[in-house]
Amino acid sequence: MRAVVYQGARQVSVENVDDPTIEAPTDVVARVRLSSICGSDLYLYRGEAGDLAIPGRTSLGHELAGEVVEVGSNVSRFRVGDRITVPYSISCGTCFFCRAGQTAHCETTGKAIYGFGVGFGDMGGTQAEYVRIPLADAHAEPVPESITDEQALFLSCNLPAAVHAVSEVPLTGSSSVAVLGCGPTGLLAVQLLLRRGPAQLIALDEDPARLQQAEKLGAHPVSTSDGDPVEAVKELTSGRGVDAVVEFVGRGPAFTTAVGITRPGGTISGGGVYLEQDHPVSLFTMYLNNLRIQLNGFSNARTALWDALRLIETSAVDPTALVTHRLPLGDAAEAYRLFDTHDDGALKQVLQVP
Ligand SMILES: [Zn+2]
Ligand SMILES: [Zn+2]
């Protein structure tokens, strides 16, 4: 079969690799109908993930709308022909962490993630023609008829991550809240927060096109590349800072900005992915401001998937409005390039698998 394979920094190619097969009676094999590129794929794509991705070997992708083509003998929830999606991480449903809702930390799978290299189970990616889904009954999800393949893609990672990060924000009708980072997940967070009716919603990003999208949704845009965003947010909040920040950039400097724009007693809900081992942040500032910090970037997507499913089913959000490019799997290198550079207004990249 064909699969998107990492070849080195900013290089991916579509290669012929072995077809996945049933390896355990709890596996299913799915034909991929659609896949897509997540912001966290860019860490691997840019070569920022160290030894995690091995050139010529690591296949990529963790977002899936598929169809079951093979079923292990111990699988009861899926039959050949069923439409299927998966949360990005593979969980058993029965270990300590799964039962505690911390499904990304599953002890049985050792934090396995589709298409995320050797540090996370060395699993095949979903940017491929087929994918093996271990422990299918425990973590995969049948896609209801009411949900399209393109909508189902957002159940793997983006929407559960937004649901989870936003759920950590205490919010009343008088709250001011900021979303830092207006990529696909940040823009979903903007939509979810607006449904809860904050008095003020500020969106921050360096990309004017993404800020414009946030403004169209109803947020007040603040550029992080034009002037001091901390000063700009303080000006909008009587010098105090916002009550809560949802952070979706996932970089040390963005976390520093989050600390800078949060008022004393406020909350930072981090949905971003941080790879920096050491980033200087002022413990003194966080202490003096009594900040509440909850980092959810290593998202328990299985746990939040139910909410995400209902949000789409009830048309509370339609994440497919974020899709800017639909390209065949064979054009994956171009899809990655567009997403990486933001060229052509690139936001969500969908890969169509024939
Ligand atoms: Zn588990
Ligand atoms: Zn993701």
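- Labelled according to an unreviewed UniProt entry, the chain appears under the name Alcohol dehydrogenase GroES domain protein, originating from Pseudonocardia dioxanivorans.
- In its Sequence similarities (unreviewed entry) section, UniProt records this for the chain: "Belongs to the zinc-containing alcohol dehydrogenase family."
- Word for word, the UniProt comment on the chain under Cofactor (unreviewed entry) is "Zn(2+)".

Remarks on a nonpolar patch on the surface
Then, in step 1: A contiguous nonpolar surface patch, about 380 Å² in accessible area, is contributed by Phe 284, Tyr 287 and Leu 288.
Then, in step 2: Within the secondary structure, Leu 288 is located in helix α10 (residues 283-288).

What to know about the sheet that holds strand β10 (residues 220-223)
Then, in step 1: Strand order in the open sheet formed by 6 strands is β10-β9-β8-β11-β12-β13, with parallel pairing between adjacent strands. Since the sheet does not close on itself, it has two edges, and those belong to β10 and β13 (292-295), each with one partner. Across this sheet, the average inter-strand angle for adjacent strands is 20°, counted without regard to direction.
Then, in step 2: Bridging between strand β8 (residues 176-180) and strand β9 (residues 200-205) involves 5 bridges; their strand directions are parallel. Following the sheet pairing, Val 177 is matched in β9 by Leu 201.
Then, in step 3: Contacting β8, β9 and β11 (242-247), helix α6 (residues 184-195) crosses the sheet at an angle of about 165° to β8.
Then, in step 4: Across the face of the sheet, helix α7 (residues 208-217) comes into contact with β9 and β10 while running at roughly 165° to β9.

Quick look at the coordination of the zinc ion (ligand 2)
Then, in step 1: Around the zinc ion (ligand 2), the donor atoms from the protein are Cys 38 (SG), His 62 (NE2) and Cys 157 (SG), and they sit 2.1 to 2.2 Å away.
Then, in step 2: Ordering the donors of the zinc ion (ligand 2) by residue number gives the pattern C-x23-H-x94-C. Of this pair, Cys 38 sits in the loop between β3 (28-37) and α1 (41-45) while Cys 157 is found in the loop between α4 (149-153) and α5 (158-167), placing the two residues 119 residues apart along the sequence.
Then, in step 3: A relative accessible area of 5% means that Cys 38 is categorised as buried.
Then, in step 4: For Cys 157, a relative accessible area of 11% corresponds to the buried category.

What about the domain arrangement of the chain?
Then, in step 1: Domains assigned within the chain are domain 1 (2-157 + 300-352) and domain 2 (162-295).
Then, in step 2: Taking only C-alpha atoms, the centre of domain 1 and the centre of domain 2 are 27 Å apart.
Then, in step 3: Both sides together, the interface formed by domain 1 and domain 2 hides about 1600 Å², and carbon and sulfur atoms give 65% of it.
Then, in step 4: Considering only the side of domain 1, the residues that lose the most area to domain 2 are Tyr 43, Leu 322 and Leu 347, jointly responsible for 35% of the buried surface there.
Then, in step 5: Taken together, the links from domain 1 to domain 2 amount to 1 salt bridge.
Then, in step 6: A salt bridge links Arg 251 to Glu 48; the shortest N-O distance between them is 3.0 Å.
Then, in step 7: Sort the elements by how many residues they give to the side of domain 1 that touches domain 2 and helix α11 (residues 301-313) lands first, with 4 residues.
Then, in step 8: Looking at the side of domain 1 that touches domain 2 residue by residue, the class counts come to 13 nonpolar, 3 polar and 5 charged.

Thoughts on the packing of aromatic side chains
Then, in step 1: Within the structure shown, the criterion is met by 6 aromatic pairs.
Then, in step 2: Consider the rings of Phe 96 and Phe 97, whose centres lie 5.0 Å apart with planes at 90°: the pair is edge-to-face.
Then, in step 3: Exposure remark for Phe 96: the relative accessible area of 51% places this residue in the exposed category.
Then, in step 4: The interplanar angle of 90° and the centroid separation of 5.9 Å between the aromatic rings of Phe 255 and Tyr 274 together place this pair among those described as edge-to-face. With a gap of 19 residues between them, Phe 255 in helix α9 (residues 252-261) and Tyr 274 in the loop between β12 (262-270) and α10 connect regions that are remote in the sequence.
Then, in step 5: Residue classification places Tyr 274 among the partly exposed residues on the basis of a relative accessible area of 26%.
Then, in step 6: Clustering of aromatic rings is evident, with ring pairs tying together Phe 116, Phe 120 and Phe 298.

Cut-offs applied
Per-chain numbering applies: the sequence of each chain, read as written, is numbered from 1 onward. Just so you know, chain letters begin at A and ligand numbers begin at 1, following the order they were written in. Only residues with pLDDT of at least 70 are given local features in this predicted model, and only at 80 or more are side-chain atom pairs given and counted; all residues enter the totals for whole chains, interfaces and linings. Working from all heavy atoms in the structure, the side-chain values ignore hydrogens and water. UniProt positions are given in the numbering used here, feature names are shortened, and annotations may be inferred rather than shown by experiment. Residues enter patches when they are more than 30% accessible in relative terms and free of salt bridges; like-charged ones are connected within 9 Å and nonpolar ones (Val, Leu, Ile, Met, Phe, Trp, Tyr) within 5 Å. Note that accessible areas follow from Shrake-Rupley with a 1.4 Å probe, and for residues the cover is restricted to the protein chains shown. Between Lys or Arg on one side and Asp or Glu on the other, a salt bridge is scored when a side-chain nitrogen of the former is within 4 Å of a carboxyl oxygen of the latter. In DSSP terms, a helix is any run of H or I states spanning at least four residues, a strand is any run of E spanning at least two, and both are numbered starting from the N terminus. Two strands make a pair as long as DSSP finds a minimum of two bridges between them. Between the N-to-C directions of two axes lies an angle of 0 to 180 degrees, each axis being a line fitted to C-alpha atoms and, for a helix, fitted only over the stretch in contact. Any two residues whose heavy atoms approach within 4.5 Å at even a single point are treated as in contact. In this description, a donor is an N, O or S atom within 2.8 Å of the metal centre, a cutoff extended to 3.2 Å for sodium, potassium and calcium. Water is not part of the atom list, which can make sites seem incomplete. Buried means the residue's accessible area, taken with a 1.4 Å probe over protein chains only, is under 20% of the maximum for its type, while exposed means over 50%, and partly exposed covers the values in between. Where each domain starts and ends comes from a domain assignment, either automatic or drawn from a database. Once two parts are joined, some of their accessible surface, as seen by a 1.4 Å probe, is lost; buried area is that loss totalled over both. Residues are grouped as follows: nonpolar covers Ala, Val, Leu, Ile, Met, Phe, Trp, Tyr, Cys and Pro; charged covers Asp, Glu, Lys and Arg; every other residue, Gly included, is treated as polar. Aromatic pairs are defined between Phe, Tyr and Trp rings, using the six-membered ring for Trp, whenever the two ring centres lie within 6.5 Å; interplanar angles under 30 degrees are classed as stacked, those over 60 as edge-to-face, and all others as tilted.

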